[in-house]
Amino acid sequence: MVLMAKLVCHSHLLLLIIVFLSLHPSSQLQQHTQSQTLLKIQQLLNYPSALTSFSHRSNIRDFCKIEPTPSLTLSCYEGNITQLHIIGNNGFPPLPRDFSADYFFATLVGLPSLKVLSLVSLGLWGPMPASIGHLSSLEILNVSTNYLSGTVPLQLSYLRNLQTLILDHNKFTGQVPGWLSSLPVLAVLSLKNNMLNGSLPYSLASLQTLRVLCLSSNFLSGKVPDLRNLTNLQVLDLEDNYFGPHFPSMPSKLVTLVLRKNKFRLGIQTALGSCYQLQKLDISLNGFVGPFLSSWLSRPSIKYLDIAGNKLTGLLYKNMTCNSELAFVNLSSNLLSRDLPTCLKRDSKSRVVLYSGNCLINEDQKQHPSYMCHNEALAVRIPPPSEEKHRRTYGKHVVASSAVGGIVGAIAVVGLAFMAAKKFYSEHTTKTPQTRSISDTVSAVNTAKLLSDAKYISDTMKLGASLPAYRTFALEELQEATHNFDDSTLLGEGSHGQKYRGKLPDGTFVAIRGLKMRKRQSPQVYTHLLEQISKLRHSHLVSALGHCLECHPDDSGVSRVFLIHAIQVAMEKGPPGRKLTWPQRIIAAIGVAKGIQFLHTGIVPGVKSNNLRIKNVLLDHDLHMGTTVSSPAPKGSVQARY
């Protein structure tokens, strides 16, 4: 019995020893493996100076006691290495010729508890191997400033805890992988300075945990996905790629937005409306067109603004306001004119302000002549009536609107043809004594002041207050709207120019009339008359949305002037046999009369013309006022609107 009791006791003790060994020897073995892994890493990296502290250390406790330095940080938790940061000296000493990225990353698997891994500027080269997917505990991976190549490995998608992925300054090729959206907690994605190409996957827009997205200095192109659902995104850097032409849709919490040096041209005017936390905005070196918004200077959080190297237009005024914390402003190389805001001149020692290459007045930084950035209406050379027989007729075409899917034709009933530039043209080409132009009684004085000081301005002018503001268009905008002036958009042509139909990025349909200018014609010759036309803003007149100058590449002289008018939809033939009722005819006639009344009495001096033709009036699909409907008139006339 005693012997039996002793045997039972020893068996229990043996069982306890077995259980203990089954629980703990792996810990000791794992610590030994981690120590050997660190020494192996030192060897594989050719004993860089950053790892000199590894010498004479043999166990994990010794490694965990290493004090952090700028080039090495090693952190442990409960005897396991959790962080390893190694920053080399730009690959010096160079790696051995037989260096194998496969073997190196396979060695790192000996650190199974690793959460943070930084291997920066060590000269690592070759494709990133599949073994990186075995570091399942990784939360932060930074292998920037090396020579890693090939595509971004799919095995990174196995790292379900990955929060930060930085692969900057390498030689990765291929596209930005769509599987990145499968990383459930990814917050920082930086792939700067690689050789990535193609378009961005739309799946990126579903990474709602993303806070930082940096893809600068690659060969990426095409449309940027709609990022409005990335509600946590604070930093977006797409610098030095080929994205465009449309400005991307932005989330509201952005703090930094860098789109420098891309192919963006359109849509910025409305894209940033909700980004109230934006501190840095850099859209320089693109081809942005359209008006500069003064609100960019006074945004509640803005500190850095760079719009240099675009084609933004508009007038600056001394009394514009700026955010007091705005430290850097670069307005250079645009088409801005008038005065630099006074707020940008204050505190010059603490604020950098650059504005050369515009048309600002009385400023020390070099500016262009004012006509290069002219924001007033520009008169154009209008072909005479004799040329109308050479044009494509579109008198039978009408503007239609489709409120519920069907297109209803409108019928032209009464004509109101005001030859906006006939006086100008008659003085330079043919004589047309019947029409008295705006400029008949206007001298070379400031016409804008003449209008503002006139004794009588009709109350009907107020009816044009809701019309879009007149502005200068860039040629690229018109090319985009007309598919580079494709023949399918041509409405008519003559010996002096063409008319095109187009669509602006905001959905506005436009008629674009381009007229050739004489090679040596002075800008002053054609700037005066349509300075007046830009003031003709009335709800019963087809008012110009703006103009565009196309310059000779050799001397910057104007080769063509474009006038842009709004139309509601594409031209269509009206349904045959439809007639107006008498009440509809009366309403239309009253509208025409109101337009004529404005021309006669709404401005001083008034505009009178006897060129009233039925085909120059177009109605909306309801045959009454209330829908903006307009059409390019034959011979450049201003038309009635109903």
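Residues numbered from 1 in each chain as written. Predicted model: local features only at pLDDT ≥ 70, side-chain atom pairs only at ≥ 80, totals over all residues. Heavy atoms only, no water.

### Concerning the side chain of Q34
Among the structural elements, Q34 can be located in helix α2 (residues 25–44). Accessibility expressed as a relative area gives 0% for Q34, which makes it buried. When sequence neighbours within four positions are dropped, the list of residues in contact with Q34 reads I60, G79, N80, I81, G110 and L111. (Helix = DSSP H or I, 4+ residues; strand = E, 2+ residues; numbered from the N terminus. Buried < 20%, exposed > 50% of the residue type's maximum accessible area, 1.4 Å probe, protein only. Contact = heavy atoms within 4.5 Å.)

### Examining the state of the cysteines
Here the structure, examined in full by the defined rule, presents three disulfides. Residue C64 pairs covalently with C76 via a disulfide, S to S 2.0 Å. Since a negative S-S torsion denotes a left-handed disulfide, the C64-C76 link at about -90° is left-handed. Note that C64 is positioned in helix α3 (residues 60–64) and C76 in strand β1 (residues 72–77), a separation of twelve residues in sequence. Judged by its relative accessible area of 28%, C76 is partly exposed. Two residues share a disulfide in this structure: C359 and C373, whose sulfurs sit 2.1 Å from each other. Across the S-S bond of C359 and C373 the torsion is about 65°, and the bridge reads as right-handed. Note that C359 is positioned in strand β23 (residues 359–360) and C373 in the loop between β23 and β24 (397–399), a separation of 14 residues in sequence. With respect to burial, C359 and C373 carry one shared label: buried. (Disulfide = S-S within 2.5 Å.)

### A few points about the sheet that holds strand β17 (residues 289–291)
The parallel open sheet is built from four strands, whose spatial order is β17-β19-β21-β23. Every interior strand has two partners, whereas the edge strands, β17 and β23, have only one. Taken together, the four bridges between strand β19 (residues 311–316) and strand β21 (residues 335–338) define a ladder with parallel strand orientation. When the sheet's bridge partners are listed, G314 is paired in β21 with L336. (Pairing = 2+ DSSP bridges.)

### What to know about the pairing of strand β28 (residues 497–503)
Within β28, five of the seven residues are buried, leaving the element largely enclosed by the surrounding structure. The pairing of β28 with strand β29 (residues 509–516) spans seven bridges and is antiparallel. Paired with K499 across the strands is R513, a residue of β29. Following β28, the chain reverses through five residues before pairing antiparallel with β29; G507 in that reversal takes a positive phi of roughly 95°.

### Quick notes on helix α4 (residues 101–108)
Of all the positions in α4, only A101, F104, F105, T107 and L108 are classed as buried. Relative to the axis of α4, the buried residues are bounded by an arc of 150° and lie together on one face. (Arc of directions from axis to C-beta.)

### Quick look at the pattern of salt bridges
Tallied over the full model, the rule gives eight salt bridges. Taking the shortest distance from any N to any O, the salt bridge between R228 and D226 comes out at 2.5 Å. (Salt bridge = Lys/Arg side-chain N within 4 Å of Asp/Glu carboxyl O.)

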